[in-house]
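Now for the letters of each chain:
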Amino acid sequence: MTLQTSGPISIGNIRTELGSSSGSLRTLSALAGKSTPDAISEFYGFSAATEYEFSVNAFSDPNDSCSAGFSEPLRLYASVSELSFGDRLYTGSNLETPFNGGGYWWFYDSVSYQIDTSGNIQDIVSCKGGK
């Protein structure tokens, strides 16, 4: 969930956003990809969500998804930096609303992902051959 853009931010807020148990500002800043000097103010508006640009087209078959390739971007978000089986995708960077993939196949970065109605990745097929 994106941190606020004004007002007080605590180490606890930052820990929650990053999913860390550390109380060290240096450790949290490093996890967020920030360099020294460290400041809590660097975290205004920060989101640990990763944006992915999927193709807007949905298919009932992974081969059709791979054949069609990329079209207009559909921006989806996840709390992970590398997608894998079981990860959940969301419609916003606040990670509050799961994406309803309808059980269809969606194309992203030479891979077709089957995403269920709760936003969970159910299957993955490489468009370069093999699973």
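Above this text sits the structure in question.
Here's a quick rundown of the structure.

Quick look at the sheet that holds strand β6 (residues 121–126)
The four strands are arranged β2-β4-β5-β6 in an open sheet whose pairing can be described as antiparallel. A strand with exactly one partner marks an edge of an open sheet, and here the two such strands are β2 (58–59) and β6. Inspection of the sheet shows strand β4 (residues 104–108) paired to strand β5 (residues 111–115) by five bridges, in the antiparallel sense. Across the sheet, residue Tyr104 finds its bridge partner in β5, namely Ile115.

Considerations on unusual backbone geometry
Cis geometry marks the peptide bond from Thr36 to Pro37, where omega comes out at 0°. Looking at the element boundaries, Pro37 is found in the loop between α2 (25–31) and β1 (50–55). Notably, Asp109 is not glycine yet its phi reads approximately 50°, a positive angle. Within the secondary structure, Asp109 is located in the loop between β4 and β5. Phi is positive for Ser110, which is not a glycine, with a value near 65°. One can find Ser110 in the loop between β4 and β5. For Ser110, a relative accessible area of 26% puts it in the partly exposed group.

Some thoughts on the side chain of Ser112
Note that Ser112 resides in strand β5. Its relative accessible area of 0% is what places Ser112 among the buried residues. Of the polar contacts made by the side chain of Ser112, one reaches the side chain of Ser65; its length is 3.1 Å. Among residues more than four places away in sequence, those in contact with Ser112 are Pro62, Ser65, Cys66, Trp105, Trp106, Asp123, Ile124, Val125 and Cys127.

What counts and how
Residues numbered from 1 in each chain as written. Predicted model: local features only at pLDDT ≥ 70, side-chain atom pairs only at ≥ 80, totals over all residues. Heavy atoms only, no water. Pairing = 2+ DSSP bridges. Helix = DSSP H or I, 4+ residues; strand = E, 2+ residues; numbered from the N terminus. Buried < 20%, exposed > 50% of the residue type's maximum accessible area, 1.4 Å probe, protein only. Polar contact = N/O pair within 3.5 Å; in protein donor to acceptor, adjacent residues only side chain to side chain. Contact = heavy atoms within 4.5 Å.

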